[in-house]
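Now for the letters of each chain:
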Amino acid sequence: MKGRGSVPTSAAELRPAPPDSPTGAPALLNRDSAEAYRELMAEVAQRIAERFARVDRPWTGITPAELAPAVDAVDLDRPLPGFGDALDEIGDLYLRDAVWFHHPRYLAHLNCPVALPAVAAETVLASVNTSVDTWDQSAGGTFIERRLIEWTAGRIGFGADADGVFTSGGTQSNLHALLLARDEAVETVVKNSETTLRGVEVLPRLRLFASPHSHFSVVKAARLLGLGEDAVVTVPADDRFRMHPGALDAALETCRGEGLVPAGVIATAGTTDFGSIDPLGAIAEVCEAHRVWFHVDAAYGCGLLVSRRRRSLVEGIERADSVTVDYHKSFYQPVSSSAVLVRERSALRHVTHHADYLNPAEALFPNQVDKSLQTTRRLDALKLWMTLRVLGPEALGSMFDRVCELAAETWAHLEADPRFETAAPASQLSTVLFRLKGGGDDVQRLAREAIAAAGEGMVAATRVDGRAALKLTLLNPETTLGDIVSVLDALARHGAKFQGA
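Predicted, not measured: the structure shown is a model, and the values here were computed from it.

Draft legend 1. Representation of the overall build of the protein. Looking only at helices and strands, one finds 17 helices and 12 strands in the protein. For 501 residues, the compact-globule estimate of 2.2 N^0.38 gives 23 Å, and the protein sits close to it at 26 Å. Overall, the protein is about 90 × 70 × 40 Å in size when its C-alpha atoms are taken along their principal axes. Counting over 501 residues, the protein shows a buried share of 48%. The distance from the centre of the 51 positive side-chain charges to the centre of the 65 negative ones in the protein is 1 Å.

Here it is as structure tokens:
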């Protein structure tokens, strides 16, 4: 027995007692709390499974005024008695009124039901809490992410020099890509200038080119990159909402003629509203002729990369300098799971910064932070890895093909239904735009709100040619035409009430 003042002789003696919550339950996940972790996860899984089994509508239709007081009343400075009580509270404040994307009558936004293997992987990565910024924080996670980037690049058609990194979503991926385009353009102008120029002096001359239907993140990126919204030049689209290559060529010529610098062209493979795919091959030819960076935003349409029947819709994507993909849309992954890929890895040098404490220049390890806008970053790649290893890419491609087919069936149904009118041509992907026939903007809005409030279905809204339109965004391969007809019937029923009001 050691006397007073004796020196500890083992790591166990040096280790402080594990911290507990006020209720005595373990506070941290470690080897001492492994059994508590197992029990907690079992309880969470049980409750979520029971909740899924009871879901009979996509949403309760609760209003902010109804829900906010319950959340505001919570005293966050006073913990609850235990895990079970906290789960009960989450059930009341969150799960009871959650929007359930897996429900077959959820037809609104670009939110997908999630693959089971990815949900399992989410639990793994959250528990280990890996940060995929440097090798000494990630190890195998680094290689899992790199392998998936290599796999995706191969699906795009990029060569061995391609690279990329996972991101939080399409907005960040687009920002990342346009930062590379900006810095490539600045570097070229400075290098070829007859006088000494600083990079910042070049920025006011840079221009980006996108169609009217490109994602709003393009304009946001221009602002964040110091170019301003006016730096985004709108290129006219055709009657199917696709960028017109001839108009792009003319716009680039005009830009150079005015002494400005084309920094990047943004084509879209799956516009949010119309599901339209710009003619990538023709746009690539224009970009190559003008020697301007070619970015493809395939956040929505990336599911075509694993489609057996529709892969040809994105022919030409392999000629892009950079590509955005959102696995959490058409690869059925939980949010967040996205990536930006580049055809030539050297372009990623523009985001590299060496910090002595993290990734010094002399480090020999493969550090993902060298090519990322983020530092701390989750191992979101693990979800896609698990999904591919369990389901395989063909299953994902078949699911995406199914929702594209369902959109075509739905559009044809609406064309034949006298209660409705289609508001746009049939989509190349899985959106459907339509209106209640004879109803003004208020009727469209009120009918949409009414079916959501009643739990009969959820649809989105947008504007086409200045008029309100209703929008279905189909991503659930288990949704049937019968489910959609049920929602349409409800819309027509509510619309009829508002038409006479």
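Draft legend 2. Structural context of the sheet that holds strand S5 (residues 261–268). With mixed pairing, 7 strands are arranged side by side in an open sheet as S2-S8-S7-S6-S5-S3-S4. With partners counted over all chains shown, the strands left at the sheet margins are strand S2 (163–167) and strand S4 (232–234), one partner each. When strand polarity is set aside, the average angle formed by the axes of neighbouring strands in this sheet is 20°. Two elements, S2 and strand S8 (residues 338–342), share 5 bridges in a ladder whose sense is antiparallel.

Draft legend 3. Highlighting unusual backbone geometry. Val335 connects to Ser336 through a cis peptide bond whose omega is 0°. Mapping Ser336 onto the fold places it in the loop between helix H13 (327–330) and S8. Notably, Ala139 is not glycine yet its phi reads approximately 50°, a positive angle. By secondary structure assignment, the location of Ala139 is in the loop between helix H6 (135–138) and helix H7 (140–156). Phi angles above zero are rare outside glycine, and Tyr332 is one such case at about 60°. Note on Tyr332: relative accessible area 2%, which makes it buried.

Draft legend 4. Geometry of the side chain of Asn367. Position of Asn367 relative to the elements: it lies in the loop between S8 and helix H14 (381–390). One polar contact links the side chain of Asn367 to the main-chain amide nitrogen of Trp135, over a distance of 2.9 Å.

Draft legend 5. Quick peek at the nonpolar core. Counting residues in hydrophobic clusters, the biggest one holds 83 residues, and the most contacted among them are Leu248, Val265, Phe294, Val296, Val323, Phe400 and Leu491. For this core, the leading source of residues is helix H15 (residues 393–416), giving 7 residues. When residues no more than four places from it in sequence are discounted, the contact partners of Leu248 are Phe209, Val235, Met243, Val265, Ile283 and Val286. Leu175, Leu208, Val232 and Val342 belong to the second largest nonpolar core, which has 28 residues in total.

Draft legend 6. View of the environment of Pro360. Note on placement: Pro360 falls in the loop between S8 and H14. Judged by relative accessible area, which is 17%, Pro360 ranks as buried. Excluding residues that lie within four positions of it along the chain, Pro360 makes contacts with His354 and Ala355.

Draft legend 7. Seen up close, the packing of aromatic side chains. Evaluated as defined, the whole model comprises 8 aromatic pairs. Judged by centre distance (5.1 Å) and plane angle (75°), the rings of Phe52 and Trp100 are edge-to-face. Here Trp100 lies in the loop between helix H4 (83–93) and strand S1 (106–107) and Phe52 lies in helix H2 (residues 34–54), a separation of 48 residues in the sequence. On the basis of relative accessibility, which here comes to 11%, the residue Trp100 falls in the buried class. Plain terms: the ring middles of Phe166 and Tyr327 are 5.3 Å apart, the flat faces sit at 25° to each other, and that makes the pair stacked. With Phe166 in strand S2 and Tyr327 in helix H13, this residue pair connects regions lying 161 residues apart in the sequence. Just as Phe166 is buried, Tyr327 falls in that class too.

Draft legend 8. Quick peek at helix H11 (residues 245–257). Compared with an ideal rise of 1.5 Å per residue, which puts 13 residues at 18 Å, H11 spans 18 Å between its outermost C-alpha atoms and is within 8% of the ideal. Along H11, the positions that sit buried rather than exposed are Ala247, Leu248, Ala251, Leu252 and Cys255. An end-on view of H11 places all buried positions within 135° of arc, on one side of the element. Close packing links the buried residues of H11 with strand S3 (206–210), S5 and helix H12 (280–290). Just downstream of H11 lies Gly259, where phi reads positive at about 75°.

Draft legend 9. Layout of the sheet that holds strand S12 (residues 467–473). Pairing is mixed in the open sheet, where 5 strands are placed in the order S1-S11-S12-S10-S9. Bordering the open sheet on either side are S1 and strand S9 (420–422), each of which pairs with just one other strand. In the packing of H15 onto the sheet, contacts are made with S9, strand S10 (431–436) and S12, and the angle to S10 comes to roughly 20°. Packing of helix H16 (residues 441–453) onto the sheet brings it into contact with S10, strand S11 (458–464) and S12, and relative to S11 it is tilted by some 160°.

What counts and how
- Residues numbered from 1 in each chain as written.
- Predicted model: local features only at pLDDT ≥ 70, side-chain atom pairs only at ≥ 80, totals over all residues.
- Heavy atoms only, no water.
- Helix = DSSP H or I, 4+ residues; strand = E, 2+ residues; numbered from the N terminus.
- Rg over C-alpha atoms; globule rule 2.2 N^0.38 Å.
- Buried < 20%, exposed > 50% of the residue type's maximum accessible area, 1.4 Å probe, protein only.
- Lys, Arg positive; Asp, Glu negative; His and termini not counted.
- Charge placed at Lys NZ, Arg CZ, Asp CG, Glu CD.
- Pairing = 2+ DSSP bridges.
- Axes fitted to C-alpha atoms, helices over the stretch in contact; angles between N-to-C directions.
- Polar contact = N/O pair within 3.5 Å; in protein donor to acceptor, adjacent residues only side chain to side chain.
- Core = buried A, V, L, I, M, F, W, Y, C linked by side-chain atoms within 4.5 Å.
- Contact = heavy atoms within 4.5 Å.
- Phe/Tyr/Trp six-rings, centres within 6.5 Å; stacked < 30°, edge-to-face > 60°.
- Expected span 1.5 Å × (residues − 1).
- Arc of directions from axis to C-beta.

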